[in-house]
Amino acid sequence: MSSSQFSSESGQFDHTEIVTIHDEEGRSLDCYVENEIEYEGKNYVLLMPIDLAIVILTEEINTDDEEYAETIMVEDSDKIEAIFDDAKAVLGELNLFLKRTGFILTTSGELPPLEENNIISLEIDEHASEIEPEELQFLASFYSLKQKYNICTPLTPILFVGERKKLGKIEVFQSEEEELSWILEELLFDEDFEEN
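Quick caveat, the model's predicted, so the values are computed rather than measured.

A word on the overall build of the chain
In step 1: Each helix and strand counted, the chain has three helices and 13 strands in total.
In step 2: The contacts in the chain between residues at least 6 apart in sequence include a share of 53% that link residues at least 24 apart.

This is the structure:
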């Protein structure tokens, strides 16, 4: 698939355009439209959340080797619900406001300065989620339900790819959709996008 098959819309829309996407549970997430291309009569957009993404980590004891604990991202909706108020309170002490937005947790406010000893690196499993970040800035830790949690924000912005439907509605691609990798590559490396 050559880039000539794509028609860039980069010069034809306002780079401050903001759209709202929704997850399967109906929660919303406001995003900037970073780039847009046309392919086979469809318009695809590259989206970046307006607010900062938040990741919550914890340790899970290996049942085969109790001395080994694996750092994991908390992604279960019920677990997040159970610890959300505690996480929100801890971030509030940093003047950050935690939000239960669609797809990811986000926060608004000014981050503390990035220091080298506050960078956490994660080993990414080859079958991991498309949005799982590799390097994170540690923000705070807290205890909830007798377990320790670390709150972090990805150093690399989390991006979403969607298709612009009629009436401006954006349908977000799921990571397992085959065409996503081609479209994402075009959106990220489109010449007009790199110049802006």
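Moving on from the model shown.
Quick notes on the confidence of the model for the chain
In step 1: With 77% of its residues at a pLDDT of 70 or more, the chain has an overall mean of 81.
In step 2: The least confident element of the chain, judged by mean pLDDT, is strand E1 (residues 7-8) at 34; the most confident is strand E7 (residues 97-99) at 97.
In step 3: Contacts of residues 191-196 to residues separated by more than four positions or lying in other chains number eleven contacts, the stretch itself having pLDDT below 50.

Concerning the nonpolar core
In step 1: In this structure, Ile54, Ile56, Leu91, Leu98, Leu105, Phe142 and Ile151 are the most contacted members of the largest nonpolar core, which totals 17 residues.
In step 2: Breaking this core down by element, the ones donating at least two residues are strand E5 (52-61), helix H1 (77-92), strand E10 (135-144) and strand E11 (147-154).
In step 3: If we skip the residues at most four places from it in the chain, phenylalanine 142 touches Ile83, Asp86, Ala87, Val90, Gln147, Lys148, Tyr149 and Ile151.
In step 4: Counting residues in each nonpolar core, the second largest holds 13 residues, with Val19, Ile21, Leu29 and Val33 among its members.

What about the side chain of glutamine 137?
In step 1: Of note, glutamine 137 is situated in strand E10.
In step 2: Of the residues examined, glutamine 137 reaches a relative accessible area of 5% and is grouped as buried.
In step 3: Excluding residues within four positions of it along the chain, glutamine 137 makes contact with Leu111, Pro112, Pro113, Leu114, Asn118, Ile151, Cys152, Thr153 and Leu155.

With respect to H1
In step 1: The terminal C-alpha atoms of H1, which comprises 16 residues, lie 21 Å apart, in line with the 22 Å expected from a rise of 1.5 Å per residue.
In step 2: Taken as a whole, H1 carries its principal kink of about 50° at isoleucine 83.
In step 3: For H1, the secondary structure elements touched by its buried residues are E5, E7, strand E8 (105-108), E10 and E11.

Comments concerning the pattern of salt bridges
In step 1: Scanning all chains against the criterion turns up eight salt bridges.
In step 2: Between glutamate 36 and arginine 164 there is a salt bridge whose closest N-O contact spans 3.0 Å. Of the two residues, glutamate 36 sits in strand E3 (residues 28-39) while arginine 164 sits in strand E12 (residues 160-164), which places them 128 residues apart along the sequence. In this structure, glutamate 36 and arginine 164 share a single accessibility class: buried.
In step 3: One salt bridge in this structure joins glutamate 81 and arginine 100, with 2.6 Å as the shortest N-O distance. On the criterion of sequence distance, the pair formed by glutamate 81 in helix H1 and arginine 100 in the loop between E7 and E8 is long-range, its members being 19 residues apart.
In step 4: Residue arginine 100 is classed as partly exposed on the basis of its relative accessible area of 21%.
In step 5: Connected through shared salt-bridge partners, Glu17, Glu36 and Arg164 make up one network.

Observations regarding the pairing of strand E4 (residues 42-49)
In step 1: In this structure, E3 lies alongside E4, joined through eight bridges in antiparallel fashion. By the bridge assignment, cysteine 31 is partnered in E4 with proline 49.
In step 2: The antiparallel pairing of E3 with E4 creates a hairpin that spans two residues between the two strands, and glutamate 40 there sits at a positive phi of about 50°.
In step 3: Both E4 and E12 contribute to a ladder of five bridges, which runs antiparallel. Each residue of the ladder has a partner; that of leucine 46, found in E12, is valine 161.

Details of a nonpolar patch on the surface
In step 1: Together, Leu114, Ile119 and Leu155 give the surface a local cluster of nonpolar side chains, amounting to about 220 Å² of exposed area.
In step 2: Among the structural elements, leucine 114 can be located in the loop between E8 and strand E9 (119-121).

How each quantity is defined
Residues numbered from 1 in each chain as written. Predicted model: local features only at pLDDT ≥ 70, side-chain atom pairs only at ≥ 80, totals over all residues. Heavy atoms only, no water. Helix = DSSP H or I, 4+ residues; strand = E, 2+ residues; numbered from the N terminus. Contact = heavy atoms within 4.5 Å. pLDDT = per-residue confidence, 0-100. Core = buried A, V, L, I, M, F, W, Y, C linked by side-chain atoms within 4.5 Å. Buried < 20%, exposed > 50% of the residue type's maximum accessible area, 1.4 Å probe, protein only. Expected span 1.5 Å × (residues − 1). Bend = angle between axes of the 7 residues up to and from the residue. Salt bridge = Lys/Arg side-chain N within 4 Å of Asp/Glu carboxyl O. Pairing = 2+ DSSP bridges. Patch = residues over 30% accessible without salt bridge, like charges linked within 9 Å, V, L, I, M, F, W, Y side chains within 5 Å. Areas by Shrake-Rupley, 256 points an atom, 1.4 Å probe, with all protein chains shown as cover.

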